[in-house]
Structure formats: structure tokens, C-alpha cells
Amino acid sequence: MSSSTVQPAAPTDRILIFDTTLRDGEQSPGASLNLDEKLAIAKQLARLRVDIIEAGFPFASPGDFEAVQRIAEAVGTVEGPTICGLARASKADIKAAADAIAPAAKGRIHTFIASSDIHLEYKLKKTRAEVLEIAPEMVAYAKSFTDDVEFSPEDAGRSDPEFLYPLLEAAIAAGATTVNIPDTVGFTTPAEFGKLIRGIKENVSNIDQAIISVHGHNDLGLAVANFLSAVENGARQLECTINGIGERAGNAALEELVMAMYVRRSYYNPFLGRPAESEAPLTNINTQEIYKTSRLVSNLTGMSVQPNKAIVGSNAFAHESGIHQDGMLKNKRTYEIMDAETIGLTTNRITLGKLSGRNAFRSRLTELGYELGDEELNKAFVRFKDVADKKRDVTDRDLEAIVQDETRQAEELYKLLHVQVSSGTNAKPTATVVLQTVDGVELMDAAIGTGPVDAVYRAINRVVKVPNELIEFSVKSVTEGIDAMGEVTIRVRHEDRIFSGHSANTDIIVASTQAYLNALNRLSTMIQGGQRPLHPQREAAAREAASV
Ligand code: KIV
Ligand code: ZN
């Protein structure tokens, strides 16, 4: 296909939402997801109607490859989103991405190579001339598998625009239909980023043959502002993640971008050549699915959402102060710029009760984005009945907490059979635990600690014997009320990797024990598997190893 006949891959009269929760989001320390969790999130992203799902980095490991392939099969339908695989600018990476996305009706390969002088000198150890040669060569190679190829010059935010222009021009000439401009280290300011996009629009001669995309990190808290400035200057695809998760301080948050363009559409409309008063949505997102998606991602990754987080934080629509409440009662618009219902947050929170049956339980879970296999469903249903016996009202939040315990399990190398603690005033907190290995062997130990949870963790460590450092322990109640379940999230570090664990129970000692065990099971599974997935950006492309 000659580059002059290449058409942009998608309409540019609206903003395309490229979700990278499953790729960049999953690069967040401790956020790693198993195959079922990735599938559940991908299905929910399809319900949210994102345009493109970056499903992973297939070359990273056989597990990553399989996840992208399964998502391509299950979610990459004709009406569904485009499924994208990330690849460094090397043939081996690109081939893996091509094979993994092959089952999708619409598949995209996203290939990248660094373009800033600092990355060239210290990471790639290549000259600008070499990068200028590799990029189009690899885009053309990707193009031999699919028409839909995206090219990113990594660290574009700190790259010399005079080098970016010919690089992008060469990538487009070789067949890239999207050129993505990453602010990899979250360094730029909105005015600078907007100027960079404008410069690309004005100086890359064939830019009309590609969509300009942006990707950015939130190190200075500017990612969303940078993207909106990019939209004003010609960007038509935004790469973002649910809840803004991602490397370091995260990526631009999908929900913030979408709702900014929804609430302020009369401001943004003219930048897309529309009359200010146009009611046509600027994105294809079904905003009603935002809250549910946020909860699902938070639950499955174990990355909690801060209460004051814009759009999806628990305080985002809470009006505590007397003055606000008075104004709200007279007219909601005094203090509220959007309705909670727009993001799918309803006040109707009581969903199931003690007498609810398995079908009602399963269908509510499906609505919340969880699809459980029969065995998981049975286990979750038993837990639900148990909670319903102890709690009068079982809300969606309770259901999420219950089901999360069933889905967010690594292989249960150690299963909790028994935990017992004794603590109190003037007592030595003591714990006894009994764990069962996969081979059915029961292991018991006991320990004294500074408190009951410390005692439990010490006892578990004596059994599991995997060195780790507890770096985060948080407990919060799932809902209001004295009978609420306690939700425990923990993060442990082993060497330079972080593993999270999560559990909920009406007994917080049990929740704390199970959360720790979940993290240790993930950690032990990784140690047993012996394989560590490649990080796409930290390891320079193995171009030499590939048959270029
Ligand atoms: O931040 C970044 O530059 C990336 C690229 C791989 C697009 O994630
Ligand atoms: Zn990134």
C-alpha cells in the first residue's frame, strides 16, 4: 500500500479514546492482573465503548501474549473496539504483537522507539540517524501484518521537535496511521504540550494521513491538562487509563478527560470544527459505565481510588458542608456541575438480600462486570449467604468485595485453613495459623507480635518463608454501619517487585490474614514460575537478537 493512498484509520470529527489500562496501567507497581481479570476488564472497557484497547505487550512473556490473544478473540468483534498490542521497534516484538492481535476483527500494532537525546544516548545507545532508519523500517514491517499501525517516539515531550518532524514524517510515509506523542516522564506543561502538537500539525508534511494521538504521565499532575491542551491544538486520540493508573504517578485518567469534554463540550466543540452549542458527544464513551469500570479496575488491580479523586472518588459527589447542602436543596446546580447519574452512580445501593437466589446473584455480578466460572460463582455465593446472614443490607460494594476475593486470587499455593489470635490490654498479641499447601499438606505455626495482625503475619512468614517487606497495609470499611465488612489491602516488596493482596470480611483479622496470603501467593507463584515479564520501556529493544 503506498503511503499517499493511506487514509486516517478513524474519523477525526470526534476524539478517539485509546485505553491503556491493561498495558501502561498494568505497569503500575503491584497492579499485575491474571488472565481472567484482564478479560473481565477488557469486556467492561468494551461496554464503556472505548475505541481502542491496548491489551498488553505480547513479547513480554507467554502469559502476556496469551492475554492479548484471548482479549482479541473475546472482545475484538466487528462492532467491538480495536485491539492493540505494544511492540518495541524490533521484528521479534512486532511479530509477537501481530500474532497476538490476529484474532481481532480490528487489530492494531503500536510500535515505539525513543527519540529524546537523553534516551538515545543512555538507553538505546543509538544516533538520531539510526533511529530515523529503524522507525520507518519497523513501521513497514508492522504494516505487513495490519493496516492499522501506530508509531510513538518515546519521550517526545523532551525530544527536539526538529528531530521529531522528520521522524514522524518517515513513520507516516512507511504506513503509520496514528502517530502518538508521549510525554513519557510527565515533564511538559499544557502550553508547551499544545505547542508541540501544533508544531507537528504545521511541520510534518504528511500529517493529514495520520491521526495525532497523545500519551502522558502524571508526574507533575498535569497529564489531563496537557491532553486537553493537545485537543485544542489538533490531537484526536487520547491514550489514557481508568482511574489514571500507570507507571509512577500514572497516566492521564480516562474518566477525567471524558467528563471534561462532556461537561464543557460547548468550550471544546469549536476546536473540532463544530458549533459551540452542538450536543453531539465528543467521544463515543458511554459515560453511564464510568463508575462501574472504575470500581472494577480498582478492585481487580488492588489500587484504591483516593476519596477526593475527580469524577470517581467517593467524595466527588458528596456534599458535606451545611452551606453546600442548603444550596443543593434549593438548586442542585449551585454546587454541582454534573449529575452523579451521568457516570452511572446511583443512590439505589441495596441490591440483594438474604433471600436472593443464585440467578439474581449471578446477574447482578454480570451487571457489575464480573463473569465468574461455575466454581468461583459457587464459592462466592456461599460467601454472599454468609455475609447476608451477618449484614442486613448487602450492597453492590459488598458484592464487589466478596467476588473480588474469588477472582483476585493467584494460584492458591497456600490456603488459609485456620487463624486464631489473642490480644488485648496487658496481653502479648499471639497468633496461630494453619495453612494448606497445594499438595494438601497442613502446616501450622504460631508467633507473638506487636499487635494481632503483626502476630499473624509473623506466624505466616514462619510457614511460607519467602523474604518480603510489608510496605502498605490499609483497612477500611466497605460500607457504612457497624456491621460493615472490613476491606484490607496490602502491598509487599520482594527484591524490586511489588505484590498486592486484598480481602474483605466482617472479621478484619481474617481479612488481614487472607490479604497477606493473597500477596504471598502471587509472589510465590512468580518465584516458582521463574519468569519475569519484560518491561517494554526499561529493556532496550532486542533488535540485534531479531532478524532485522
Ligand atoms: O510512556 C510512554 O512513552 C509509553 C510508550 C510505550 C508509548 O508508554
Ligand atoms: Zn506510558
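Thresholds applied
Residues numbered from 1 in each chain as written. Chains lettered and ligands numbered in written order. Predicted model: local features only at pLDDT ≥ 70, side-chain atom pairs only at ≥ 80, totals over all residues. Heavy atoms only, no water. Donors = N, O, S within 2.8 Å, 3.2 Å for Na, K, Ca; no water. Buried < 20%, exposed > 50% of the residue type's maximum accessible area, 1.4 Å probe, protein only. Pairing = 2+ DSSP bridges. Helix = DSSP H or I, 4+ residues; strand = E, 2+ residues; numbered from the N terminus. Axes fitted to C-alpha atoms, helices over the stretch in contact; angles between N-to-C directions. Contact = heavy atoms within 4.5 Å. Expected span 1.5 Å × (residues − 1). Domains from an automatic or database assignment. Buried area = accessible area lost by both parts, 1.4 Å probe. Salt bridge = Lys/Arg side-chain N within 4 Å of Asp/Glu carboxyl O. Polar contact = N/O pair within 3.5 Å; in protein donor to acceptor, adjacent residues only side chain to side chain. Nonpolar A, V, L, I, M, F, W, Y, C, P; charged D, E, K, R; others polar. Near = heavy atom within 4 Å. Areas by Shrake-Rupley, 256 points an atom, 1.4 Å probe, with all protein chains shown as cover. 1 Å grid on protein atoms, 1.4 Å probe; cavity = no way out; pocket = protein on both sides within 12 Å on 5 of 7 lines; lining within 4 Å. Sits in = over half its atoms within 2 Å of the grid points.

Caption draft 1: Spatial organisation of the coordination of the zinc ion (ligand 2). The protein atoms that coordinate the zinc ion (ligand 2) are D24 (OD), H215 (NE2) and H217 (NE2), at distances of 2.0 to 2.1 Å. Coordination of the zinc ion (ligand 2) draws on donor residues from a single chain, spaced D-x190-H-x1-H in sequence. Exposure remark for H215: the relative accessible area of 5% places this residue in the buried category.

Caption draft 2: A look at the sheet that holds strand β11 (residues 414-422). Taken together, the three strands give an open sheet; going across it, the order is β11-β12-β13, and neighbouring strands pair in antiparallel fashion. In the strand order of this sheet, the two ends are held by β11 and β13 (442-448), each with one partner. Averaged over all pairs of adjacent strands, the angle between strand axes in this sheet comes to 15 degrees, irrespective of strand direction. Where strand β12 (residues 430-437) meets β13, seven bridges bridge the pair, whose relative direction is antiparallel. Looking across to β13, one finds that A431 is bridged to A447. Sitting on the sheet, helix α16 (residues 452-464) touches β11, β12 and β13, and the angle it makes with β13 is about 140 degrees. Contacting β11 and β12, helix α17 (residues 508-529) crosses the sheet at an angle of about 145 degrees to β11.

Caption draft 3: Looking closely at helix α1 (residues 35-48). The terminal C-alpha atoms of α1 lie 20 Å apart, and with 14 residues this matches the ideal 20 Å at 1.5 Å per residue to within 8%. Every buried residue belonging to α1 is among E37, K38, L39, A40, I41, A42, Q44, L45 and L48, and all of these are buried. One or two steps after α1, the chain reaches R49, where phi turns positive at roughly 70 degrees.

Caption draft 4: Quick look at the environment of I53. Looking at the element boundaries, I53 is found in strand β2 (residues 52-56). Given the relative accessible area of 0%, I53 is considered buried. Sequence separation between I53 and T20 is 33 residues; the distance between their C-alpha atoms is 6.3 Å. If we ignore the near neighbours within four places in the chain, the residues touching I53 are D19, L22, A42, L45, A46, V75, P81, T82, I83 and C84.

Caption draft 5: Region of the structure containing the side chain of T82. Inspection of the secondary structure assignment puts T82 in strand β3 (residues 82-88). Not counting residues within four places of it along the chain, the set of residues in contact with T82 comprises D51, I52, I53, K106, G107, R108 and D148.

Caption draft 6: Inspection of the domain arrangement of the protein at higher detail. Taken domain by domain, the protein holds domain 1 (14-301) and domain 2 (414-529). Each partner contributes to the interface: domain 1 provides six residues, whereas domain 2 provides six residues. When domain 1 packs against domain 2, the two sides together hide about 480 Å² of surface, and 25% of this comes from carbon and sulfur. The largest share of the area that domain 1 buries against domain 2 comes from P29, G30 and S32, three residues that together contribute 68% of it. For the pair domain 1 and domain 2, the number of links is one salt bridge. A salt bridge links E37 to R522, with the nearest nitrogen and oxygen atoms 3.4 Å apart. Remark: the boundary between domain 1 and domain 2 carries three residue pairs in polar contact (both at pLDDT 80 or more). Its residues placed into classes, the side of domain 1 that touches domain 2 shows one nonpolar, four polar and one charged.

Caption draft 7: Just the pattern of salt bridges, in detail. Inspection of the entire model under this criterion finds 27 salt bridges. Here R108 makes a salt bridge to D148, at a shortest N to O gap of 2.8 Å. Linking R108 in strand β4 (residues 107-114) with D148 in the loop between α5 (128-143) and β5 (149-154), this pair joins segments that are 40 residues apart in sequence. No difference in accessibility class separates R108 from D148, as the two residues are buried. Put simply, R491 and E472 hold a salt bridge, and the shortest N to O gap is 3.1 Å. Highlighted residues: R491 in strand β15 (residues 486-494) and E472 in strand β14 (residues 469-477), separated in sequence by 19 residues. Connected through shared salt-bridge partners, R23, D24 and E54 make up one network.

Caption draft 8: Region of interest: the site of ligand 1. Around ligand 1 sit R23, D24, H110, F112, E154, P182, T184, H215, H217 and Q537, and that is every residue in its neighbourhood. Side-chain polar atom of H217 to an oxygen atom of ligand 1: 3.1 Å apart, as the coordinates give it. Side-chain polar atom of Q537 to an oxygen atom of ligand 1: 3.4 Å apart, as the coordinates give it. Alone, ligand 1 offers 260 Å² of accessible surface; in the complex the protein occludes 100% of this. Most atoms of ligand 1, that is more than half of them, are within 2 Å of grid points of the largest cavity. Class assignment of the residues belonging to the shell around ligand 1 gives a composition of two nonpolar, five polar and three charged.

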